[in-house]
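One letter stands for each residue in the lines below.
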Amino acid sequence: MSQSVARPAPGTRLRGFSASVILLLGVLVVPMALVLIFNSYSAPDAAAYVRMAFAQVAGSTIAIVTVAGLVLHRVVRRSAPSEIAWLALIAVVIGSWQLAGMGSAAETLLTRLGISG
């Protein structure tokens, strides 16, 4: 009898990228790039405040989707339970941190627009 090589199910590979690279790009690089791109480098007006807040929320959303996608990838790939647990813990920490950042962005936007009292 010949041994068969265990291959991951189709569509479950990360196309050559490691989870740590995807995590770094999705949680740090892309959100920071969005904030820098949509930052106002002169005296901001109301439109600039809205643009900056939406960029921060978009970056936070990308970070949350990235960690949730990595956890889902590990579950579908049937990784070791300890690996799934560590990545799930990282996802909970990053998710709660980013949700707090979204709330802060909304609060800052309202304050800068003079809406909240």
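Details of the structure are given in the entry above.
Thresholds, definitions, all that
- Residues numbered from 1 in each chain as written.
- Predicted model: local features only at pLDDT ≥ 70, side-chain atom pairs only at ≥ 80, totals over all residues.
- Heavy atoms only, no water.
- Helix = DSSP H or I, 4+ residues; strand = E, 2+ residues; numbered from the N terminus.
- Buried < 20%, exposed > 50% of the residue type's maximum accessible area, 1.4 Å probe, protein only.
- Contact = heavy atoms within 4.5 Å.
- Areas by Shrake-Rupley, 256 points an atom, 1.4 Å probe, with all protein chains shown as cover.

Q: Go over the overall build of the chain with me, naming the residues and quoting the values.
A: Along the chain, the regular secondary structure elements total 3 helices and 0 strands. Buried positions account for 26% of the 117 residues belonging to the chain. In the chain, 69% of the contacts between residues at least 6 apart in sequence involve partners at least 24 apart. On the chain, roughly 8,100 Å² of surface is accessible, and the fraction owed to carbon and sulfur atoms is 68%.

Q: Now, about the side chain of Ser40: what can you tell me, with residues and values included?
A: Mapped onto the fold, Ser40 is located in the loop between α1 (19–37) and α2 (46–76). Judged by relative accessible area, which is 16%, Ser40 ranks as buried. Other than its neighbours up to four places away in sequence, Ser40 contacts Ala48, Arg51 and Met52.

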